Amino acid sequence: RSDFGLRYEFPKPTHGPTAARPYRTQRDAIGNMGDQHGKYCPEPLHWYYLSRNRRHTWAEPAPCIVGHWRSVPLHPSSPALHRKGKDEWIFRSNKTARRLSYEECARLQGFPASWKWKRGRMRDKFQMIGNAVPPPLFKSVLDALPDVFV
C-alpha cells in the first residue's frame, strides 16, 4: 500500500551459490524418513510422465513439487532414467520405481517433520502441498515486512 510510505525489500537468499549456505539436498530433507508404503501414488507411470526426466539424485536439491499426485517427481532411490529420444525417457534398470510420498513432498517443501495431515484423501494432501507456499519462504517474506502497526 503506497499510503503507508514504506518500501518492501525482498529478503536475500539464505541458500545457494550467492548465499552463506549451500542448497539443501534431497538426502538432507528426506534421507531419514523410512518406509512410506501407502503414502504415494500407486498408479502406473504413464508415457507422458516419462516424457521428461522426473528423477533427481539424493545429492541434488528437490525438483518442483506439484499439486497433482500423478505428476510428483520420482523418489531418488528409483532407477536412473536415460533419454531415449525427444520427450522419451526410459529406466536404466528394472529396479522398482516410485513417486515421492505426500510426506516426503511436504518435507521437501519445508513443512516441519512434526506436521500431521489430519484430513483429506491422499490426492487432496498432494494438492495442498503442491499448492502451498513453502513455510520457510513464507516466514522469510513475512519477517521482512515493515512494522506498520507502530
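In case you missed it, the structure is sitting above this.
Please read these numbers as outputs of a predicted model, since none were measured by experiment.

1. A closer look at the overall build of the protein chain
Here comes step 1: Along the protein chain, the regular secondary structure elements total four helices and two strands.
Here comes step 2: The secondary structure elements of the protein chain, listed N-terminal to C-terminal, are α-β-β-α-α-α.
Here comes step 3: Counting only C-alpha atoms and orienting by the principal axes, one finds that the protein chain spans roughly 60 × 35 × 30 Å.
Here comes step 4: Counting over 150 residues, the protein chain shows a buried share of 27%.
Here comes step 5: Within the protein chain, counting contacts between residues at least 6 apart in sequence, those at least 24 apart form 64% of the total.
Here comes step 6: About 10,500 Å² of surface is accessible on the protein chain, with carbon and sulfur atoms providing 55% of the total.
Here comes step 7: Between the centroid of the 26 positive side chains of the protein chain and the centroid of its 13 negative side chains there is a distance of 5 Å.

2. Quick look at the layout of surface pockets
Here comes step 1: Empty space within the largest pocket amounts to approximately 800 Å³.
Here comes step 2: For the lining of the largest pocket, the elements supplying multiple residues, two or more each, are helix H2 (102-108) and helix H4 (135-143).
Here comes step 3: Counting residues per element, the lining of the largest pocket draws most heavily on H4, which supplies four residues.
Here comes step 4: In this structure, the second largest pocket occupies an estimated 150 Å³ of space.
Here comes step 5: In terms of lining, the second largest pocket is formed by Met33, Tyr102, Glu103, Ala106, Arg107, Phe111, Pro112, Ala113, Trp115, Lys116 and Trp117.
Here comes step 6: Among the residues making up the lining of the second largest pocket, the classes are represented as eight nonpolar, no polar and three charged.

3. Quick look at the side chain of Ser51
Here comes step 1: Inspection of the secondary structure assignment puts Ser51 in the loop between helix H1 (26-30) and strand E1 (81-85).
Here comes step 2: Apart from the residues within four sequence positions on either side, Ser51 is in contact with Asp87, Glu88 and Trp89.

4. Quick word on the nonpolar core
Here comes step 1: Ranked by internal contacts, the top residues of the largest apolar core, which has 16 residues, are Leu100, Cys105 and Ile129.
Here comes step 2: Elements supplying a minimum of two residues to this core: H1, H2 and helix H3 (122-131).
Here comes step 3: The biggest single contributor to this core is H2, with four residues.
Here comes step 4: In contact with Ile129, other than residues within four places in its own chain, are Ile65, Tyr102, Cys105, Ala106, Gln109 and Trp117.

Parameters and conventions
Residues numbered from 1 in each chain as written. Predicted model: local features only at pLDDT ≥ 70, side-chain atom pairs only at ≥ 80, totals over all residues. Heavy atoms only, no water. Helix = DSSP H or I, 4+ residues; strand = E, 2+ residues; numbered from the N terminus. Buried < 20%, exposed > 50% of the residue type's maximum accessible area, 1.4 Å probe, protein only. Contact = heavy atoms within 4.5 Å. Areas by Shrake-Rupley, 256 points an atom, 1.4 Å probe, with all protein chains shown as cover. Lys, Arg positive; Asp, Glu negative; His and termini not counted. Charge placed at Lys NZ, Arg CZ, Asp CG, Glu CD. 1 Å grid on protein atoms, 1.4 Å probe; cavity = no way out; pocket = protein on both sides within 12 Å on 5 of 7 lines; lining within 4 Å. Points joined across faces, edges and corners; volume = space filled by probe spheres on them. Nonpolar A, V, L, I, M, F, W, Y, C, P; charged D, E, K, R; others polar. Core = buried A, V, L, I, M, F, W, Y, C linked by side-chain atoms within 4.5 Å.

Interpretation note: all reported values are geometric properties and have no functional meaning in isolation.
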